[in-house]
Amino acid sequence: MPMVRYQNGETVMGRWPGSNLYYEVKVLSYDPQERLYTVIYKDGTELELDEQDIKNASGFRQRSRSRSRSPSRRRSRSQSPGRTTRRSSARTAAAAASAAITETARMENASTSSSTPRKERASSKTENRMKEVMEVRLTPVQVPRPVENSNHDQSEHKDTNKDAEAKPEAERSQGRYNLRRRKEDKTVDTRPQEEGAEDVKQTLAPPTTPSVPLDFGGRIGAYLWLLFLPSWVLFVIQQVNLEDPSLLNFPPPLPPLEAFWDPKALALVLLWVLFQALLYLLPIGKLSEGMPLRSGERLKYRTNGFFAVTVSGVGVALAVHQGVDLSYIHSHFLQLAVASFLVSLLLSIYLYVRSGHAPAQLRALGGDSGSLMYDFFKGRELNPRVGNFDLKFFCEMRPGLIGWCVINVAMAISEMRIQGLSYPSPAMLLVNAFQLLYVVDGLWNEEAILTTMDLMHDGFGFMLAFGDLVWVPFTYTLQALYLVEHPHPLPPPALLALVTLKLLGFYIFRKSNSQKNSFRRNPADASLANMKSIPTATGKSLLVSGWWGVVRHPNYLGDLIMALAWSLPCGFSHLLPWYYLIYFIILLVHREARDTASCRRKYGSAWEEYCRAVPYRIVPGVY
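An unreviewed UniProt entry lists the protein chain under the name Delta(14)-sterol reductase LBR, from Muraenolepis orangiensis. As recorded by UniProt, the Pathway (unreviewed entry) comment attached to the protein chain reads in full: "Steroid biosynthesis; cholesterol biosynthesis." Quoted verbatim from the Sequence similarities (unreviewed entry) field of UniProt, the annotation for the protein chain is "Belongs to the ERG4/ERG24 family."

Caption draft 1: Region of interest: helix α4 (residues 263-281). Spanning 19 residues, α4 covers 27 Å between terminal C-alpha atoms, matching the ideal 27 Å at 1.5 Å per step. Residues Ala265, Leu266, Val269, Gln276, Ala277, Leu279 and Tyr280 constitute the buried set of α4. One side of α4 carries all its buried residues, which in axial view fall inside an arc of 165 degrees. Across from the buried face of α4, at angles greater than 90 degrees, the exposed residues are Pro263, Leu271, Leu274, Leu278 and Leu281.

Caption draft 2: Layout of the packing of aromatic side chains. The final tally for this structure, using the stated rule, is 35 aromatic pairs. Ring centres of tyrosine 352 and phenylalanine 376 lie 6.3 Å apart, and the angle between their planes is 65 degrees; on these two criteria the pair is classed as edge-to-face. Here the residue tyrosine 352 occupies a position in helix α7 (residues 333-355), and phenylalanine 376 occupies one in helix α8 (residues 372-378), the gap between them amounting to 24 residues. Overall, phenylalanine 376 belongs to the buried group, its relative accessible area being 11%. Here tyrosine 580 and phenylalanine 584 contribute two aromatic rings whose centre-to-centre distance is 5.0 Å and whose plane-to-plane angle is 20 degrees, an arrangement assigned as stacked. Of this pair, tyrosine 580 and phenylalanine 584 both sit in helix α17 (residues 579-603), four residues apart, which is roughly one turn of the helix. Of the residues examined, tyrosine 580 reaches a relative accessible area of 2% and is grouped as buried. Judged by its relative accessible area of 0%, phenylalanine 584 falls in the buried class. Taking the ring centre of tyrosine 301 as reference, the NZ or CZ of arginine 385 above it sits at 4.9 Å.

Caption draft 3: Spatial organisation of the environment of leucine 483. Positionally, leucine 483 belongs in helix α14 (residues 478-485). For the pair leucine 483 and proline 577, spaced 94 residues apart in sequence, the C-alpha separation works out to 9.0 Å. If we ignore the near neighbours within four places in the chain, the residues touching leucine 483 are Glu415, Ala427, Met428, Val431, His488, Pro569 and Cys570.

Reading guide: rules and limits
Residues numbered from 1 in each chain as written. Predicted model: local features only at pLDDT ≥ 70, side-chain atom pairs only at ≥ 80, totals over all residues. Heavy atoms only, no water. UniProt positions renumbered as here; feature names shortened; annotations may be inferred. Helix = DSSP H or I, 4+ residues; strand = E, 2+ residues; numbered from the N terminus. Expected span 1.5 Å × (residues − 1). Buried < 20%, exposed > 50% of the residue type's maximum accessible area, 1.4 Å probe, protein only. Arc of directions from axis to C-beta. Phe/Tyr/Trp six-rings, centres within 6.5 Å; stacked < 30°, edge-to-face > 60°. Lys NZ or Arg CZ within 6 Å of the ring centre and 35° of its normal. Contact = heavy atoms within 4.5 Å.

This is the structure:
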């Protein structure tokens, strides 16, 4: 194994592509296979450099004052990384190379009156200099993005302003470059180019796989989450069914073992999943194209979620009309949750086993750490498919999300039976209506999920499988489950106030996500003509207009307002119905902090400029 000369975090001097200029950089990581150092310049630009293009800062002698300036202040033919734009970043080294070749040719012509040995030396120097410039190899490298997930139903709130980056199709590979010698390439053409030609031939090489920091507490954290998540679902189900669900009665009594298992519950869960899979496979609805993968490929997705929820709703209505007792869902809620957990566990094991045969370029950057339990938890394969059936996309928006609405309907029927009502209470109706609108909107705009972090960056493992099949349908229904045994009356003014609050949150959530998705897919869209953005050194832009100019995460703001509207109908007697809002606040604040740190590393001075323009993170004037 080669010795690592420069350590992570060490400050060194790194050569800028296409020039002999060295700038102060910080070592981020070392790839022993490619023998390349990932470094970051002062302005935030990241490059991969060979060891021969790095010098010790202590022993580096500055040739002139101008060469010691940071890249962002340097005004030379070797354009600085801080001034790189979408249109010029790929040509920076090429322009410097062309200038160097022109200068060499001028010097060679000026020496024609010298002696023959001197001509030969000049010619040799010229060839060496041309070779040095021509053999610079610029390779697009994917920049790792922080992986975070709340297992939320629509997952749109997971995308922050960094997910609203504009990136034209022809320029998607101009973000970050490798600087390496092309010693292995024997076909380098060093013949003089035609007059006016300035581009240096670039050879694209397979991208290296950068290391990604471990999330959720790393390897030890993965063990803890694997134990905590199922335990928490069991706790809330048992606690909310108590006659007095106060947290002072913690812990709830543990039911006998036979209460956890019901073969009928497992059969119903499997039947429901198969029914949704059938709807997904039907050639109905739009065939949408996903975002480019590291290989440049774009996967196809059948986005017929609205069709699926419509058919499911009609099916539930027919079942109730035919006398099917949906109150079984309430009376066997625990058994259904255990059955769903078993399905998610078996699916996770299958996903991990099959990921061992997946090529490296098809694996998620954040789930290939080498630790069995961590990779099992995060998921190794990015887009596991059986034929054209995309397992992650299907689970993300279908069984759990639509099942959430079916469970809410079952709770309304159970409330009527237990409380002796002719129709559901106003509080139950509001909870059902608010959450149904949220789910239907997500499935109507199902294509938007293709630009979220779940689909683009997260591997499919236990975290997503459990979140989609267990966490969403059996914890997001907590308000409806609570109201079955603990009704809460609402006067007409309160009903009007809650409806207004819900619509406000929904408007902010939908408009901000629409602006982000439109800007990301097509920044030249006429509807975005008045939008302002900040270009970055990666070739992307940060949206700083519309809702994204009010706060840095307007979709988070809309989500939190809607979560408040879901909890208020349950009143203030107990804390448990407010679990979703409390959990969401902690989750989004934590995610915002991690996202800010990631964007600061990735975009450097551009992100600082955005933060100055938009000082508030989630709540205007507050936070």
